[in-house]
Each structure stands twice: as C-alpha cells, then as structure tokens.
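Commentary on secondary and tertiary structure
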Amino acid sequence: VNDSSLFFNEALKNAVMSYQHRFGLSEDGAVGPAVLREMNKPLEERIRQILINMERIRWMPAEPNSDYLLVNIPEFRLHVYQDGVYKFNMNVVVGSTAHNTVIFSGSMKYIVFSPYWNVPNSILKNEILPGINRNSNYLANHNMEWNNGMVRQQPGLKNRFGLV
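A brief look at the structure comes next. (Residues numbered from 1 in each chain as written. Predicted model: local features only at pLDDT ≥ 70, side-chain atom pairs only at ≥ 80, totals over all residues. Heavy atoms only, no water.)

**Quick notes on a nonpolar patch on the surface**
Counted only if it meets this: Think of a patch as exposed residues, more than 30% relative accessible area, with no salt bridge, where like charges cluster within 9 Å and nonpolar side chains (Val, Leu, Ile, Met, Phe, Trp, Tyr) cluster within 5 Å. Using a 1.4 Å probe, the Shrake-Rupley method yields the accessible areas, and only the shown protein chains count as cover for residues. Salt-bridge detection follows one rule: a side-chain nitrogen of Lys or Arg within 4 Å of a carboxyl oxygen of Asp or Glu. Labels follow the DSSP assignment, with helices taken as runs of H or I lasting at least four residues and strands as runs of E lasting at least two, numbered in each case from the N terminus.
A contiguous nonpolar surface patch, about 780 Å² in accessible area, is contributed by Leu69, Met108, Ile111, Phe113, Leu157, Leu163 and Val164. Secondary-structure assignment places methionine 108 in the loop between β3 (85-91) and β4 (117-118).

**Concerning the nonpolar core**
Soluble globular proteins: nonpolar side chains tend toward being buried together. Short version of the rule: By convention a nonpolar core is built from buried Ala, Val, Leu, Ile, Met, Phe, Trp, Tyr and Cys residues, the set being connected through side-chain atoms within 4.5 Å. Throughout this description, buried means an accessible area under 20% of the type-specific maximum (1.4 Å probe, protein chains only), exposed means over 50%, and partly exposed covers the range between.
In terms of nonpolar packing, the biggest core is built from nine residues, these being Trp117, Val119, Ile123, Leu124, Ile128, Tyr138, Leu139, Met144 and Val151. Only α4 (121-134) and α5 (138-141) provide two or more residues apiece to this core. Of the residues forming this core, the biggest block, three residues, is contributed by α4.

**Description of α4**
So the rule is basically this: Any helix carries an expected span of 1.5 Å times its number of residues minus one. Throughout, the bend at a residue refers to the angle made by two axes, fitted to the seven residues ending there and to the seven starting there. Contacts are assigned to residue pairs with any non-hydrogen atoms lying within 4.5 Å of each other.
Between its first and last C-alpha atoms α4 spans 19 Å; for 14 residues at 1.5 Å apiece the expected length is 20 Å, and the two agree. Taken as a whole, α4 carries its principal kink of about 30° at isoleucine 128; the proline proline 130 stands between one and four residues after it. Among the residues making up α4, those that are buried are Ile123, Leu124, Ile128 and Gly131. Of the surrounding secondary structure, the elements contacted by the buried residues of α4 are β4, α5, β5 (144-147) and β6 (150-153).

**Focus: the sheet that holds β4**
The strands making up a sheet are joined through hydrogen bonds of the backbone, oriented either antiparallel or parallel. Here is the rule: Only strands joined by at least two bridges in the DSSP assignment are considered to pair. Only the stretch in contact is used when fitting a helix axis, every axis being a line fitted to C-alpha atoms; angles between N-to-C directions are given from 0 to 180 degrees.
Taking strand neighbours across the sheet as the criterion, the three strands line up as β4-β6-β5 in an open arrangement whose pairing is antiparallel. Two strands in the sheet have a free side with no partner beyond their single neighbour: β4 and β5. As judged from the two bridges shared by β4 and β6, these two strands associate in the antiparallel manner. When the sheet's bridge partners are listed, tryptophan 117 is paired in β6 with glutamine 153. Sitting on the sheet, α4 is in contact with β4, β5 and β6, with an inclination near 115° to β5.

Below, the structure is given as structure tokens:
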C-alpha cells in the first residue's frame, strides 16, 4: 500500500495489528513499548531466530497425521486438528527460559483427567520445604500431600497441571 499520509489512519492501525499478531503481541493497534522493542531487534538476532526455528521444524514430521495437537510454545496455545481440519485452541502452560519446554513429536496414548502433580525434588527443596518451615499448613493450603516420601498436589482447580 502506497500511503504517504502524515496521520495514524485506519490502514496503519491495521498494519500494526497484523504485526502484533505475527509477533504474539496484544492486538490493540497501538505502537507501544512491546511493538517498538520487537521492531528494534537487530537483524542478526532475527536471523538467529529464523535459523533456530528452521532447525526446530526439521525435527517435526513433514506431514502430521490428520488428527494432531500442536503446541505453539511462544504463543502459549495448543491447537487441535481433527481429520486435518483446525478445530479449536486453548491456553497451555509452558516452561520458562530457565526451564525450557521440550520440543518433540510423538504419539499420544493417554489423556489424564484430574491429574496428580508429583512435585520434582528441585521444587520440593527450593519452594515446598521452605514454605512448610514458614507455615505448618502449607501442604493443606496448596492442596498437597505426602505420598511415599514425595509431595504431590491433589487433583482440582489448584493443580498446576490443570484439570486435564
């Protein structure tokens, strides 16, 4: 579009919203700090990002089965396909930069409804035990219990894994 307007018009707002969508930003059409931060990333960083994502896509099957789940980690969304047709999406929890989410492709055999969450030893040591020292009701307050020398969180709304 050849637009030499000096004003922030509807076409520019739509272009900003398209940019925000591509970069997983809130699509409000405003050129705020997050948009400026993305626009000002150095070319070398963008090239590195492209190379990393090209390597990641190499790990995935060329043609997925007609029924599959796709987790877009940067988007924090799970996308569901049935018979090759996009059905719906939902929010998911992914790892932080320090605790990366593993990228893989595989067949799913089970879905667990109302799961228990077995607390990893690192979290037990760094978070749970100090919490118990501060508050003797810590486990009960967080819907947790001792189970064979480990701590697990019981199923329910407070469970870190969610309901499924």
